[in-house]
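What the coordinates show
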Amino acid sequence: MTGIEISRMHFPVTTLGPGSRIGIWFQGCSIRCPGCISADTWAVGRGRTTVSEVVRGIMPWLVRADGLTISGGEPFDQPEALAALLKETRSHLDGNVLVYSGHPLEYIEKHLSAMDGLIDALITDPFVMSETDRLALRGSDNQRLHLLTERGCREFSHFMKEPGPRRFDVMLDAEGEVWMAGIPGRTDFENLRKVLGKQLQTFTVTQDRSNPRPRAQR
Ligand code: SF4
C-alpha cells in the first residue's frame, strides 16, 4: 500500500489544461519559491492517506473527466506515490494527464522512466516572481512545457507559446473557505478583493503568505 500526502482533490477544474479536469494537489514542497501563492501546501506530514484511497475518491469523476492535472505542493517530492497514482489512474481515464513540477526537468528525469507513457504534458521549473507571466498554464515564463507523448503533442502543443489569458476557478469548499484553482495574474488577488468587496459587503478576502486565503492552487 503506497502512502501519499495530498492537499486537495477537486472536479471539475477548467483552468489547468484543456476541458473539465480532475485536479489533485500534493501536500509538501521542498522548493519554496519566493512569492508562491500555494504556501499552505509546503508543509510535510499533512493530508496523509494512500494512493488507493485517492483513486477510490476520484473514481466517480474519472469517467466524466477530459483529463487529470496533478500539481502541488511538489509532486516529485513523492516520486513513488506519484508513479503509483499515475499507474492506478491511467487505465480508468480516457483523457490526458498534465503534471506540474517546480524542479528542473534535469533534476526529475531520474524518476520519469518509472512513469513512461503516463504523463502527456509536464511543466517544470520554479516560479520566479521577477519573470514575466504571459505563457499559458504557467505562473512565470521561465517555466517549460514538455510534451512527453504523442497525445501530449496533439493536445498541448498550442499551449507552448500561446499567451495565456489569466483564468482561475473560484470555489467555496464545505468549510466555507474560498479557494482558487488556476494561474492567477500578479494583480488578480487585488482585483478579486475589489470585486467581492463591492458585490458582497460582508465578504472579506485576505491573502496572507503564511496562511493564504483565498488559497490558490496552481
Ligand atoms: S510555486 Fe510550486 S514549486 Fe514553487 S514553492 Fe510553490 S508549490 Fe512549490
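Residues numbered from 1 in each chain as written. Predicted model: local features only at pLDDT ≥ 70, side-chain atom pairs only at ≥ 80, totals over all residues. Heavy atoms only, no water.

**What to know about the packing of aromatic side chains**
Going by this rule: In this scheme Phe, Tyr and Trp rings, the latter by its six-membered ring, pair at centre separations within 6.5 Å, and the angle between planes marks the pair as stacked below 30 degrees, edge-to-face above 60, and tilted otherwise. Helical segments are the DSSP runs of H or I of at least four residues, strand segments are the runs of E of at least two, and each set is numbered from the N terminus. Only protein chains enter the accessibility calculation, which uses a 1.4 Å probe. A residue is then buried if its area is under 20% of the maximum for its type, exposed if over 50%, and partly exposed in between. The rule is short: NZ of Lys or CZ of Arg within 6 Å of the ring centre and within 35 degrees of the ring normal puts a charge over the ring.
Going through the model one piece at a time under the given rule, you end up with 2 aromatic pairs. With 6.0 Å between their ring centres and 25° between their planes, Phe-11 and Trp-61 make a pair best called stacked. In this pair, Phe-11 sits in strand β1 (residues 3–13) while Trp-61 sits in helix α1 (residues 51–62), placing the two residues 50 residues apart along the sequence. Judged by its relative accessible area of 19%, Trp-61 falls in the buried class. Ring geometry for Phe-156 versus Phe-159: centroids 5.7 Å apart, planes at 45°, classification tilted. The buried category is assigned to Phe-156, whose relative accessible area is 0%. Lying over the aromatic face of Tyr-107, Lys-110 brings its terminal NZ or CZ to 4.0 Å of the ring centre.

**Re the pattern of salt bridges**
What counts here: Salt bridges are counted wherever a side-chain nitrogen of Lys or Arg sits within 4 Å of a carboxyl oxygen of Asp or Glu.
For the structure shown, the criterion picks out 6 salt bridges. Ionic pairing is found between Arg-56 and Glu-53, a salt bridge with its closest N-O pair at 2.5 Å. Placement of the pair is Arg-56 and Glu-53 together in helix α1, with a separation of 3 residues, close to one helical turn.

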